[in-house]
Amino acid sequence: MKAAVTAVLGPTNTGKTHLAVERMCAHSSGIMGFPLRLLAREVYDRVVKLKGADQVALVTGEEKIAPPNARWHLCTVESMPEHDAAFVALDEAQLGTDAERGHVFTDRLLRRRGREETMILGSEALRPMIRDLVPDAEIVGRPRFSKLTYAGAKKISRLPKRSAIVAFSAEEVYAVAEMLRRLRGGAAVVMGALSPRTRNAQVAMFQAGEVDYLVATDAIGMGLNMDVAHVAFAGLHKFDGRRNRRLTVAEMAQIAGRAGRHQRDGTFGGVVEEGPGAFLPEEVFAIEEHRFPRIEHLYWRNGEPDFSSVDALIASLERRPEPGVLLPSPRSTDLAVLKRLADEPWVRDRSRSPAMVKRLWAACGLPDFRKLGIDPHARFVSRVFGYLSEGRGVIPNQWFADEVTRLDTIAGDVETIAGRIAAIRSWAYIAQRPDWLADPAYGAERTRQIEERLSDGLHASLTQRFVDKRTTALIRQIGADASLLPVVIGPEGEVLVEDHPIGRLDGFRFTVDPAARAGDRRLLLAAAEKRLAGERTRRGEALVGAEDAAFMLDGPAIRWGGHTVAQLTPGPSLARPQIRLDRDLDCLTKPQREAVQTRLTRWLAAMMAKHLPVLPALSEAARDPEATPALRVVAGELEATGGLFPRLGLREPLDALDQDERKRLRKIGITIGALDLFDPRLLKPAAARWRLALLAVRGTVPASPREGASVLPRGAPGATLATGFRPLAAQAVRVDLVERIARAAHDARQGRKPFAPDPALATSMGVEPATFERLMAELGFRTVRRDGQDVPAWVWHGRRPPKREERPAPPPTGAFAALASWRHG
């Protein structure tokens with residue numbers, strides 16, 4: 001009885017593979033060939049559950065699990081064993097049209113048969129080829145279980161959940177996955193170059209709902225079973241190894257058909273509405289109605305090459321098929337590599353026997369997993385064949401060990417680890433050849449361990465790079481409404497969602513957790529802005545009701561609770577600065593901001609009255625219409641400089657003051673000293689800080705002296721008149737102490753008679769002799785030498801402009817310049 005041949009044809013989602021697996025398991029033995037290692041592994045896992053691991057084998061170029069008594073073999077098409085089996089199946093037979101591998105599918109279609117039953121699975125477009133090449137086959141059409149509908153174009157940010165986005169290069173896959181991570185929390189990644197372990201881990205995330213999106217290459221169209229509701233095409237062009245071309249309608253349908261599962265309908269669409277990436281109406285119609293151009297030709301290459309010599313081998317591989325539906329294979333890497341090596345004299349010298357020619361051809365079959373191109377790959381194959389054709393005819397253990405050890409690291413980014421996996425696949429392929437290594441079993445195990453470690457590392461890197469589980473969980477919990485986030489504020493200002501920190505509320509400013517990436521930031525800010533309004537209102541009310549002690553001036557910044565709430569800005573005068581609320585308080589309502597402004601204004605007035613009462617009083621005197629120009633000039637200059645000014649710069653208006661005006665200045669708090677005019681209260685630490693802060697607001701930023709200092713080295717920070725220290729010789733003495741020494745000197749003198757002042761006061765202050773001498777000279781004294789005495793005597797020399805060690809004080813400025821014009825007229 002002749003073995004049955006059945007061709008099961010139809011679109012995707014028809015259960016063809018499932019049917020073939022059931023039929024195979026009903027036989028005593030079976031072999032199934034698949035286009036992808038990933039798909040072979042998927043079906044292997046399914047059959048193992050049915051038959052047990054000791055009965056099922058997995059055979060691919062890089063991996064072999066072959067129990068001694070295995071009866072069912074799941075393989076890649078290239079690795080289908082030649083032994084007899086009751087059942088044989090070929091999946092995705094329409095790939096006989098592939099320029100690179102099509103001849104392998106055609107060979108299996110023509111030559112591989114099961115002892116009892118053969119099944120050919122493929123697209124409906126393959127029907128003419130089956131009729132011509134396998135005329136005795138029974139053709140069974142399998143309709144799609146569910147409906148596939150065009151859903152139009154949607155932006156990536158608006159794609160429905162359970163969508164797969166298909167791109168046609170690794171770079172594009174990574175770009176789309178990164179975009180989904182930012183917008184929707186992340187995506188799983190599936191590419192044909194991934195190891196089964198990585199692919200399974202990524203798909204498991206998608207199937208378990210840890211992510212709602214999957215980004216894949218067109219490998220998704222090869223029967224990989226995933227629960228996809230919508231397939232979105234990131235583009236409609238791919239590079240096929242020679243040129244960048246538009247997908248055929250059959251290829252579009254193959255990929256789009258992954259949408260839907262069993263009897264659940266699916267949809268497909270694009271991500272752009274116009275341009276080369278958009279579907280044409282006739283393409284949409286063909287996909288929805290499953291109407292595609294019939295396949296008229298398949299690629300073929302001689303499946304029984306001649307190994308008598310290298311030239312005979314090449315000639316047999318280049319032999320053209322009989323005229324008809326078969327076309328010669330246009331290109332294949334293994335034949336191209338063989339021709340390169342055939343040009344090497346040493347290769348021909350070592351390939352004189354059929355056995356060695358066969359070995360050469362086996363070496364040329366080493367796949368270019370790394371996609372290096374013909375020249376680099378040919379050099380690698382040349383080295384491999386060099387070892388296989390000399391000595392013991394095996395690859396040296398040291399070379400093998402060094403190369404695989406170099407790949408045994410998971411350091412680096414996604415692309416780096418993926419490159420190592422591609423490289424280890426070459427060595428895994430070598431280890432699977434039974435006579436290429438001295439110990440192939442050890443080599444296979446070693447490469448398997450490294451590939452698994454790299455796969456785990458790649459899965460972790462893909463997940464870290466393209467999945468943000470926090471954002472995914474939040475989006476899944478709240479949907480599109482960020483206001484539903486359960487926001488909780490901790491005692492330290494930490495903002496939490498279900499005990500998970502997402503940021504901080506510092507004062508009135510919400511800051512997203514630095515660990516949150518760009519996609520989170522937008523979502524979390526939107527949620528926080530809606531949910532934190534009540535907390536900010538409460539804080540605004542607390543600010544308005546706070547005691548004066550709760551506020552603090554830090555430079556020009558006004559701080560409350562350790563957070564900046566306002567800034568001092570220049571006002572009409574130094575004594576009247578303005579308050580500008582910090583931008584963080586823009587989140588408050590207008591009435592709240594006005595209440596805060598009023599509260600801070602009251603606090604500022606209270607602080608000025610407490611620490612700088614002299615400045616408002618000077619401001620009032622400078623603007624008093626009843627005061628004389630001289631008084632207004634003196635008061636104005638003192639206010640502008642913060643209550644401290646050298647007497648020399650105000651000599652003329654001071655001389656013009658009468659006793660009542662001088663008394664008014666003293667009542668305000670101004671000491672009219674021998675050298676300077678100042679308010680001693682301004683030299684206290686708190687008042688000094690406030691005074692310097694107000695000067696900084698006006699643009700004058702003198703360095704602060706050391707707190708509590710009475711004498712500073714000249715040139716030290718703050719050793720200037722602007723901060724209340726008069727430079728004298730090598731020191732700078734605080735102006736109130738200068739005045740004390742001056743009064744002591746005048747109290748000790750008797751008219752213009754020579755006298756020797758007691759230096760104890762100056763010494764107790766830390767004033768050096770040279771400084772004291774300079775101060776006495778500034779005060780109008782000169783030294784005289786008395787016979788027989790080492791201590792110089794001082795003589796009052798009358799009031800005169802002292803010799804200045806500093807530049808003269810600037811003339812009055814601003815509104816007070818006009819009042820002082822009488823001095824210069």
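As the structure is a computational prediction, the values presented were derived from the model and not from experiment.

Criteria and thresholds
- Residues numbered from 1 in each chain as written.
- Predicted model: local features only at pLDDT ≥ 70, side-chain atom pairs only at ≥ 80, totals over all residues.
- Heavy atoms only, no water.
- Axes fitted to C-alpha atoms, helices over the stretch in contact; angles between N-to-C directions.
- Helix = DSSP H or I, 4+ residues; strand = E, 2+ residues; numbered from the N terminus.
- Parallel < 35°, antiparallel > 145°, perpendicular 65-115°, else oblique.
- Contact = heavy atoms within 4.5 Å.
- Pairing = 2+ DSSP bridges.
- Polar contact = N/O pair within 3.5 Å; in protein donor to acceptor, adjacent residues only side chain to side chain.
- Core = buried A, V, L, I, M, F, W, Y, C linked by side-chain atoms within 4.5 Å.
- Buried < 20%, exposed > 50% of the residue type's maximum accessible area, 1.4 Å probe, protein only.
- Phe/Tyr/Trp six-rings, centres within 6.5 Å; stacked < 30°, edge-to-face > 60°.

Caption draft 1: Molecular detail of the packing of helix α21 (residues 614-622) against helix α24 (residues 659-668). The contact between α21 and α24 brings their axes to 9 Å, and the two run at 150°. Looking at the two axes, α21 sits roughly antiparallel to α24. On α24, the residues touching V614, A617, L618 and A621 of α21 are R664, L665 and I668.

Caption draft 2: The sheet that holds strand β2 (residues 30-34), seen in detail. Overall, mixed pairing links the 8 strands, which are arranged β4-β3-β5-β2-β6-β7-β1-β8 in an open sheet. Every other strand in the sheet has two partners, leaving β4 (64-65) and β8 (138-141) as the edge strands with one partner each. Contacts from helix α1 (residues 16-25) reach β1 (4-9), β2, β5 (72-76), β6 (87-90) and β7 (117-122), with the element oriented near 170° to β7.

Caption draft 3: Here's a closer look at the environment of T405. Looking at where T405 falls in the secondary structure, it is placed in helix α14 (residues 397-406). A distance of 2.6 Å separates the side chain of T405 from the backbone oxygen of A401, its partner in a polar contact.

Caption draft 4: Looking closely at the nonpolar core. Grouped together as the largest cluster of nonpolar side chains are 66 residues, with contacts concentrated most on L338, V384, I395, W427 and I430. Broken down by element, this core gets its largest block of residues, 9 residues, from helix α15 (residues 414-432). Discounting chain neighbours no more than four positions away, the residues touching I395 are V384, Y387, L388, F400, I430, W436 and L437. One finds V565, L585, W690 and L692 within the second-largest nonpolar core, a separate group that totals 52 residues.

Caption draft 5: The arrangement of the sheet that holds strand β27 (residues 644-646) in detail. Taken in spatial order, the 3 strands of this open sheet run β27-β29-β28, and their pairing is antiparallel. Of all strands in the sheet, those bounded by a partner on one side alone are β27 and β28 (671-672). Direction of pairing for β28 relative to strand β29 (residues 676-678): antiparallel, over a ladder of 2 bridges. Considered in β29, the bridge of I672 is made with L677.

Caption draft 6: Highlighting the packing of aromatic side chains. Counted according to the given criterion, the structure contains 14 aromatic pairs. An angle of 80° between the planes, with centres 4.9 Å apart, marks the rings of W399 and W427 as edge-to-face. Taken together, the positions of W399 in helix α14 and W427 in helix α15 put the pair 28 residues apart, joining distant regions of the chain. W427 shares its class with W399; the two are buried. Their ring planes at 50° and their centres at 5.8 Å tell us that F551 and W603 sit as a pair that is tilted. Highlighted residues: F551 in strand β23 (residues 551-554) and W603 in helix α20 (residues 590-611), separated in sequence by 52 residues. Members of the aromatic cluster, connected to one another through ring pairs, are F380, Y387, W399, F400 and W427.

Caption draft 7: Region of the structure containing the environment of L675. Along the chain, L675 falls in the loop between β28 and β29. Accessibility expressed as a relative area gives 7% for L675, which makes it buried. Considering only alpha carbons, one finds L675 and G649, 26 residues apart in sequence, at a separation of 10.0 Å. With sequence-adjacent residues up to four places away left out, L675 is seen in contact with P646, R647, L648, R726, V738, L775, E778 and L779.

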